[in-house]
Structures are given as structure tokens and as C-alpha cells.
Amino acid sequence: MKIDAWAFRQAMSQFASGVTVVTTVENGTPYGLTASSFTSLSMDPPLVLVCLSKRLETHATIERAGVFAVNILSAAQRELGMRFAGLLPDVDDRFAGLEWKSAMTGAPLLNHCLAWVDCRLHAVHEGGDHSIFVGRVEAVGEVQPGEPLLYHNRTWGRGLFEE
């Protein structure tokens, strides 16, 4: 039985998730995109996973570079999430004008996030039109209090979603 793509998308939109910006660097050029398919995988060794569409430039760059960072956004960083999702039409360079620093791996770490993890690529698994990137965590930081930015039913917000 073939699942209707629209119905599948509707059903999956009902799962609330946090919003992250996944970053990498290649030849000194930073790359990044917004992702909500991120989770902790293992404590020993420390592993995380993120799922990215194969059609995205950042996907191929992570495969080549072998490093990535995951920046966990706060509710106050909604515009930042939208910027890296390509939802701000006037923004060509997603890093232009932003404050960030390089992680141990060289991947960009965005300022004022709730937390970040810096990773070396541990494994890549097939996931249909996406790849499942497993990262071995090399460093963590910026752990600070705050409300997370959430994504639910194609809406960006916090806790109980404001309309």
C-alpha cells in the first residue's frame, strides 16, 4: 500500500520537536541549515544523530568535511532558525552579520544558543531521501537556561504555541 505523501507529512507535523542549526566548515567557508530531526543516540560513547535531506549543499559538505556542530536554539532565536531554513528572502549569506566562533572541529558555533555539541562524523546511514548522520561528540557547551524553540504543525514557537 502506498502512503499518501501529504497525509504522511500532516501526521508527522503533529510531532513537536526542538529546532537546531547544524553547521559545518569546508576550506574556511561556513555552512549551515535548520534541522528538527536531531536526537541523542548514545552516552558511551557520546553519539548524536541528525537527519538531513540529500539534496542540500550542507549534506554533501558534512560528508566531505567529516565534522558538524548542532546548535540548539532558544525561543528567542526564532529569526535565526528561519534564517538558516532559508525562510528570510533577503538573506543570501546565512552567516553575514552573525556572531559565532569556531568549535574544536572548526564547525561554527552560534552565540546565545541553549547548548551546542561539536561532532566528528562517526557513521552515515541510508534514510530514503535523507541521510542519518551519526556524530561522535567531541565537545559540548553554552549550556544555559531558557525556553527551547519548538516546531509543531509548521509553526515555530515555544511551549504552548502562540498563534
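Predicted, not measured: the structure shown is a model, and the values here were computed from it.

Colleague: Mind showing me how you'd approach the overall build of the chain here?
Modeller: The helix and strand tally for the chain stands at three helices and twelve strands. Rg of the C-alpha trace for the chain: 15 Å, near the compact-globule value of 15 Å for 163 residues, within the 12% margin. Considering only contacts in the chain between residues 6 or more positions apart, those separated by 24 or more positions represent 62%. Here the chain displays about 9300 Å² of accessible surface, and carbon together with sulfur accounts for 55% of that area. Here the chain contributes 13 positive and 18 negative side-chain charges, whose respective centroids are spaced 4 Å apart.

Colleague: It is not clear to me how the packing of aromatic side chains should be interpreted in this structure. Could you clarify?
Modeller: Each aromatic ring pair is described using two quantities: the centre-to-centre distance and the angle formed by the ring planes. Scanning the entire structure with this criterion turns up three aromatic pairs. Residues Y151 and W156 carry aromatic rings whose centres are separated by 5.7 Å and whose planes lie at 75° to one another, so their mutual orientation is edge-to-face. Judged by relative accessible area, W156 falls into the buried class, the value being 10%. Among the aromatic residues, those joined into a cluster by ring pairs are F84, F95 and W100.

Colleague: Could you clarify how one ought to interpret the sheet that holds strand β9 (residues 115-127) in this entry?
Modeller: Either a parallel or an antiparallel arrangement is found when strands of a sheet pair, and the pairing is made through backbone hydrogen bonds. Read across the open sheet, the seven strands follow the order β3-β2-β6-β9-β10-β5-β4; overall the sheet is antiparallel. If you trace the sheet from one side to the other, it starts and ends with β3 (29-35) and β4 (38-43), each paired once. Each strand axis lies, on average, 35° off the axis of its neighbour in the sheet, ignoring direction. With five bridges connecting them, β4 and strand β5 (residues 46-53) associate as antiparallel partners. Along β5, the bridge assignment pairs T39 with L49.

Colleague: Could you clarify how one ought to interpret the sheet that holds strand β12 (residues 155-157) in this entry?
Modeller: Taking strand neighbours across the sheet as the criterion, the three strands line up as β1-β11-β12 in an open arrangement whose pairing is antiparallel. Each edge of the open sheet is held by one strand with a lone partner, namely β1 (17-18) and β12.

Colleague: What is the right way to look at a nonpolar patch on the surface in this model?
Modeller: Among the surface-exposed residues, M1, I3, F8 and M12 lie close enough to one another that they form a single nonpolar patch of about 540 Å² accessible area. Along the chain, M1 falls in the segment before α1 (5-12). For M1, a relative accessible area of 95% corresponds to the exposed category.

Colleague: Even after reading the chapter, I still don't get the confidence of the model for the chain, so can you show me in this structure?
Modeller: The predicted coordinates ought not to be read in detail in places where the model reports low pLDDT. Scored by pLDDT, the chain has a mean of 91; 96% of the residues are at 70 or more. Within the chain, β12 has the poorest average pLDDT of any element, 79, and strand β6 (residues 67-72) the best, 98.

Colleague: Looking at this model, I keep getting lost on the side chain of T20. Mind explaining?
Modeller: You can see T20 is positioned in strand β2 (residues 20-26). Judged by relative accessible area, T20 falls into the buried class, the value being 3%. For T20, the side chain forms a polar contact with the main-chain oxygen of A35, separated by 2.7 Å. If near-sequence neighbours (up to four positions away) are discounted, T20 is found in contact with L33, T34, A35, F38, V70, N71, I72 and L73.

Colleague: Where do I start with the side chain of S17 in this structure?
Modeller: If you trace the backbone, S17 turns up in strand β1. Residue classification places S17 among the buried residues on the basis of a relative accessible area of 12%. Look past the residues within four positions of S17 in its chain and what remains in contact with it is S36, L149, L150 and Y151.

Conventions and cut-offs
- Residues numbered from 1 in each chain as written.
- Predicted model: local features only at pLDDT ≥ 70, side-chain atom pairs only at ≥ 80, totals over all residues.
- Heavy atoms only, no water.
- Helix = DSSP H or I, 4+ residues; strand = E, 2+ residues; numbered from the N terminus.
- Rg over C-alpha atoms; globule rule 2.2 N^0.38 Å.
- Contact = heavy atoms within 4.5 Å.
- Areas by Shrake-Rupley, 256 points an atom, 1.4 Å probe, with all protein chains shown as cover.
- Lys, Arg positive; Asp, Glu negative; His and termini not counted.
- Charge placed at Lys NZ, Arg CZ, Asp CG, Glu CD.
- Phe/Tyr/Trp six-rings, centres within 6.5 Å; stacked < 30°, edge-to-face > 60°.
- Buried < 20%, exposed > 50% of the residue type's maximum accessible area, 1.4 Å probe, protein only.
- Pairing = 2+ DSSP bridges.
- Axes fitted to C-alpha atoms, helices over the stretch in contact; angles between N-to-C directions.
- Patch = residues over 30% accessible without salt bridge, like charges linked within 9 Å, V, L, I, M, F, W, Y side chains within 5 Å.
- Salt bridge = Lys/Arg side-chain N within 4 Å of Asp/Glu carboxyl O.
- pLDDT = per-residue confidence, 0-100.
- Polar contact = N/O pair within 3.5 Å; in protein donor to acceptor, adjacent residues only side chain to side chain.

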